[in-house]
Amino acid sequence: MIAWLRLAFGNLRVNRRRTGITLLSVAVGVGGLVFLWAFIDGINAQMINNMTGYVTGDLKVHQRGFHDDREMNIALAERWNLTREVSAVTGVAAITPRVAGNALASHDDQSRALQVMGVDSAIEPTVTRLDRSIIRGRYLEEDNEIIMGVDAASALGLSPGDDLVLLVQAADGSIGADRFMVVGIFETGIKRIDGFVAQVPLASAQTLYAFEGRFTEIAARVESSDRLDAVVAGVRNQLQARNVEVLGWPTLLPSLVQMVAFHDAVAYIVIFVVFVVVAAGIVNTILMSVLERGREFGVMMALGTSSNQIVWLVLLETAILAGLGYLLGLALGLSLTGYFGIQGLDFSAYIKAMDTMPGLSGIVYPTIEFLRLVVIGVVVLSVALLAAVIPAWRASRNNPLEAMGTHRTMINRIRRLHWQVTSDHRLVVFAQMALRSVFRNPRRSVITASATAFGLAAYLFLYAFADGFFEQMIHNSTQQLSGHVQVMKKGHDVDLSPILRINNGNALLQQLLQRPEVEAAAPRVLLRAMVANPGKSRPVELAGVAPELERAVTELSGYMVQGTYVESGETGIVIGQKLAEELGARLGDKLVITAQQAGGDLVSSAQLIRGIYRTGSDLFDTEYVFVDINAARRLTGLLEDDVSRIVLRLSDRTQSVGLAQTLDQSTVLTRDGLVAHDWETLLPVVVQMVQMSQVNFYLILSVVFLVVAIGVMNTMVMSVMERTPELGVMLALGTRGGQLQLTILFEAFFLAILGMQAGTVVGGLLVVWLGNTGIDLSSISGALEAIPGITDRIYPVLMFDHVWLPSMLLFLCSVLVALYPAWRASRLDPVEAIRHG
């Protein structure tokens, strides 16, 4: 074995150039895979760490049934002394009791729904770290104090020292209210926390929710996240005599689990494509390095080396190359990941999009998982060996005389062609010779062109997948609620106050319908409200719609799963399926809606559930309730012709920005203090989700492009450098260096064209097929509910405007990478080049 290793290393040292090219191909591919996987794992790890670290803890103990029903009367009693029993379980690092509920917060004429947590300020910081995110004021110390996120404070116009009123539904079904003083404002960088979470002292929360002597949960932090399941099982065993439920964060935060599952699914699609590209690059380089050594293997067999020994030697060399390339790539990938693991990747420009990803902040830190590195190593080694075994076996079956005789055959062919090059200086002659060279060795040409073909096919698929994802998100989001343009009172997009209303709404609607870009228009009344049944309450956005006009603008009426859509003059509300599940409400049940009137007074109304819709978006199906526009007017005290907004549907979505700008400058709106917003302004979450996803895809595509470019370069360099004897013969017969460069560049040009054509056909057919059948993501359909406008089947869409530039860059890369080997070839010494062969 030692002798074989020496021989293998000796062969690798003899042709350092070929060895270096192969190592570079493997190393860049491995480095790209390591970094991409670490980037996606970093997103998932950050979401988990932030959500469990800021709010939930690693596990919770509830009274049995509380997690499913969320009814405030299902409570834990302090007399059980559960905190001491939970603390005694091995692996539990810290515990804290809480009271958690929803509240409608009011300050002056502003209101906002909040998730209120009553906490023991002395021990809560041992479980979560919200206290370390205070940017103004201080943490909780006394009763009737409150801390809240910077976004919630900004929306309500609050600063430390201001008073805030909380309105809640108490455990006994009554309405509870109390005044709290804001003592601290925190900022985590996570919109779901900074905008909707608040903490008050435990005793104050118990009083507010009529919870004296009780609490809703015990939250705990575990010593090691890897042992979460074991600790949960231990706590369950400890409390098996109690009527309680013990739940880890995966059960407590299903949306987080779903989002992680979505990222993993997308990661597997992308990583699979990258694996294919990397594997193609490795296969091309290995095939070229083995197939171009036919004369060398012929000499070895003539000296007595057996066929099996040839195969064994090639596989050993390949394994060494793959192993060394993997180690170099590992060093490259880990270095890159380590750097960004400290510095972070800044996505703070897309912070609104982060709101759709629970727990994700503006800075992403890639993380390494050892198992990923093992998988990459196994795949790289397996691909390299599979790429080498067939050509090695074929080379070992060749007749030694035939293998060595290929050199003479090549010389004779060059002599027959050479007279054209030396006797004619026209470019067409060099093109003809390059084209003949391409077809003279079809095996080498196919291997070289396939590098470009695989790269282009991978690019077309990834771009089509991304564009299909974005198009579905935008189309569904605009057609479910926003329309393409909305007209409203200035400031209504920030504050849904009934005071900010449009008078003479019907006249304005008719004026807007006369514009040629407008296909349909509908009035709405919008306000924030609290919807409740006897045991639960949820904050929602109530939309009063004119059903006939609304159907022409949006498609929500087509998403009904139970009952009927809103009807003009009819009573009753339409709610989302997710909201119905959370409230335990069914078709025909009554819910109480509490809202703030234009004068500032709170008003309540009992409404029958007439319909339930399902869009598939968790955000939409939880937060929006629909009612007839006249019922909404009566609830808020608006006049018959008053509306909050007028929603427009355009014949061409791309005209939304231009129309909004035109309307903003028209006297029709400016005289009444109105403004027009396009859908991009109305749906910043969707826009930034698209933008951030595009940044993620561009980052991934950049790595893929680098891997493809290196693979193409390696294959082309290998193709030229392995022809040293042939090039030496051409120079010996009188071909000048410049003529040789032109011939090689023309050959690279033709091979790039062949590769681009093949890649376009393969990638195009794949996109057309998947565009008809769709990519089925139903196995993670729950994860898609957190992403606005996305369903469980993605249809790739190929947009020429998005793919022509990277396609041209790949084509240029395929041609320009021949410049260096062409220059090197033109500088060869003919005698040394022939002797090298």
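The rules we used
- Residues numbered from 1 in each chain as written.
- Predicted model: local features only at pLDDT ≥ 70, side-chain atom pairs only at ≥ 80, totals over all residues.
- Heavy atoms only, no water.
- Helix = DSSP H or I, 4+ residues; strand = E, 2+ residues; numbered from the N terminus.
- Buried < 20%, exposed > 50% of the residue type's maximum accessible area, 1.4 Å probe, protein only.
- Contact = heavy atoms within 4.5 Å.
- Areas by Shrake-Rupley, 256 points an atom, 1.4 Å probe, with all protein chains shown as cover.
- Salt bridge = Lys/Arg side-chain N within 4 Å of Asp/Glu carboxyl O.
- Patch = residues over 30% accessible without salt bridge, like charges linked within 9 Å, V, L, I, M, F, W, Y side chains within 5 Å.
- Arc of directions from axis to C-beta.
- Phe/Tyr/Trp six-rings, centres within 6.5 Å; stacked < 30°, edge-to-face > 60°.
- Lys NZ or Arg CZ within 6 Å of the ring centre and 35° of its normal.
- Pairing = 2+ DSSP bridges.
- Axes fitted to C-alpha atoms, helices over the stretch in contact; angles between N-to-C directions.
- Left-handed = near helix turned anticlockwise from the far one by under 90°.
- Nonpolar A, V, L, I, M, F, W, Y, C, P; charged D, E, K, R; others polar.
- Polar contact = N/O pair within 3.5 Å; in protein donor to acceptor, adjacent residues only side chain to side chain.
- Expected span 1.5 Å × (residues − 1).

Some thoughts on the overall build of the protein chain
Looking only at helices and strands, one finds 32 helices and 26 strands in the protein chain. Buried residues in the protein chain amount to 57% of all 837 residues. For the protein chain, restricting intrachain contacts to residue pairs at least 6 apart in sequence, the fraction spanning at least 24 positions comes to 80%. As presented, the protein chain carries roughly 34,200 Å² of accessible surface, and 56% of it is formed by carbon and sulfur atoms.

Some points on the pattern of salt bridges
Applying the stated criterion to the full structure yields 16 salt bridges. Where Asp41 meets Arg372, a salt bridge forms, and the shortest distance between an N and an O atom there is 2.9 Å. Of this pair, Asp41 sits in helix 2 (residues 16–56) while Arg372 is found in helix 14 (residues 370–396), placing the two residues 331 residues apart along the sequence. Considered together, Asp41 and Arg372 belong to a single accessibility category, that of buried residues. Here the salt bridges share partners, and the residues they tie into one network are Lys60, Arg98, Glu124 and Glu217.

Describing a nonpolar patch on the surface
There is a patch of nonpolar side chains on the surface, built from Phe800, Trp804, Leu805, Met808, Leu809, Leu812, Leu816 and Leu819 and spanning about 800 Å² of accessible area. Turning to its location among the elements, Trp804 is positioned in helix 30 (residues 800–816).

Comments concerning helix 31 (residues 819–826)
Along helix 31, the residues that are buried comprise Pro821, Ala822, Ala825 and Ser826. Looking down the long axis of helix 31, one finds its buried residues gathered within 135° of arc, a one-sided arrangement.

Looking at unusual backbone geometry
Of note, Ala210 is a non-glycine position whose phi angle comes to about 55°, a positive value. For Ala210, the location among the structural elements is in the loop between helix 7 (202–208) and strand 10 (214–215).

Describing the packing of aromatic side chains
Scanning the model with the defined rule gives eleven aromatic pairs in all. Arranged with centres 5.8 Å apart and planes meeting at 75°, the rings of Tyr613 and Phe626 form a pair that is edge-to-face. Here the residue Tyr613 occupies a position in strand 21 (residues 602–613), and Phe626 occupies one in strand 22 (residues 624–628), the gap between them amounting to 13 residues. A relative accessible area of 0% means that Tyr613 is categorised as buried. With 5.8 Å between their ring centres and 65° between their planes, Phe749 and Phe750 make a pair best called edge-to-face. The exposure class assigned to Phe750 is buried, which follows from its relative accessible area of 19%. Through a chain of ring-to-ring contacts, the aromatic side chains of Tyr613, Phe620, Tyr624 and Phe626 assemble into a single cluster. Directly above the aromatic system of Tyr54 lies the positively charged group of Arg129, at a separation of 4.4 Å from the ring centroid.

Considering the pairing of strand 15 (residues 485–489)
Of all the five residues making up strand 15, four are buried; the element is thus mostly covered by neighbouring parts of the structure. Note: strand 15 against strand 24 (residues 674–678), five bridges, orientation antiparallel. When the sheet's bridge partners are listed, Val485 is paired in strand 24 with Asp678.

Concerning the packing of helix 28 (residues 737–773) against helix 30
Following both chains from N to C, one finds helix 28 and helix 30 inclined at 145°, their axes separated by 8 Å at the closest point. Seen along the crossing, helix 28 lies across helix 30 with a hand that is right-handed. Facing Leu745, Ala748, Phe749, Ala752, Ile753 and Met756 of helix 28, the residues of helix 30 in contact are Ser807, Phe811, Ser814 and Val815. When its residues are assigned to classes, the contact of helix 28 with helix 30 shows eight nonpolar, two polar and no charged.

Quick look at the side chain of Ser656
Within the secondary structure, Ser656 sits in helix 23 (residues 656–664). Within the local environment of Ser656, its side chain forms a polar contact with the backbone oxygen of Arg653, the two atoms lying 3.1 Å apart. Side chain to side chain, Ser656 and Glu680 meet in a polar contact 3.3 Å long. Not counting residues up to four positions away in its chain, the partners in contact with Ser656 are His484, Val485, Leu650, Asp678, Trp679 and Glu680.

A few points about helix 30
Under the 1.5 Å per step criterion, the end-to-end length of helix 30 is 24 Å for 17 residues, consistent within 8% with the ideal 24 Å. Of the residues making up helix 30, those classed as buried are Val803, Pro806, Ser807, Leu810, Phe811, Cys813, Ser814 and Val815.

Points about the packing of helix 17 (residues 442–482) against helix 28
It is at 7 Å that the axes of helix 17 and helix 28 come closest, and there the two elements cross at 35°. Crossing geometry of helix 17 relative to helix 28 is assigned as right-handed. Taken together, the residues of the contact of helix 17 with helix 28 break down into 16 nonpolar, eight polar and no charged.

Focus on the environment of Leu59
With respect to the helices and strands, the residue Leu59 is situated in strand 1 (residues 59–63). Sequence separation between Leu59 and Thr251 is 192 residues; the distance between their C-alpha atoms is 9.0 Å. Filtering out sequence-adjacent residues up to four positions away, Leu59 remains in contact with Ile218, Ala219, Ala220, Val222, Val231, Val232, Val246, Leu247, Gly248 and Leu252.

Focus: the environment of Phe470
Structurally, Phe470 can be placed in helix 17. The class of Phe470 is buried, set by a relative accessible area of 6%. Separated by 220 residues in sequence, Phe470 and Val690 place their C-alpha atoms 6.0 Å apart.

Observations regarding the environment of Ser307
Here Ser307 shows up in helix 12 (residues 307–343). Considering only alpha carbons, one finds Ser307 and Ala392, 85 residues apart in sequence, at a separation of 9.1 Å.

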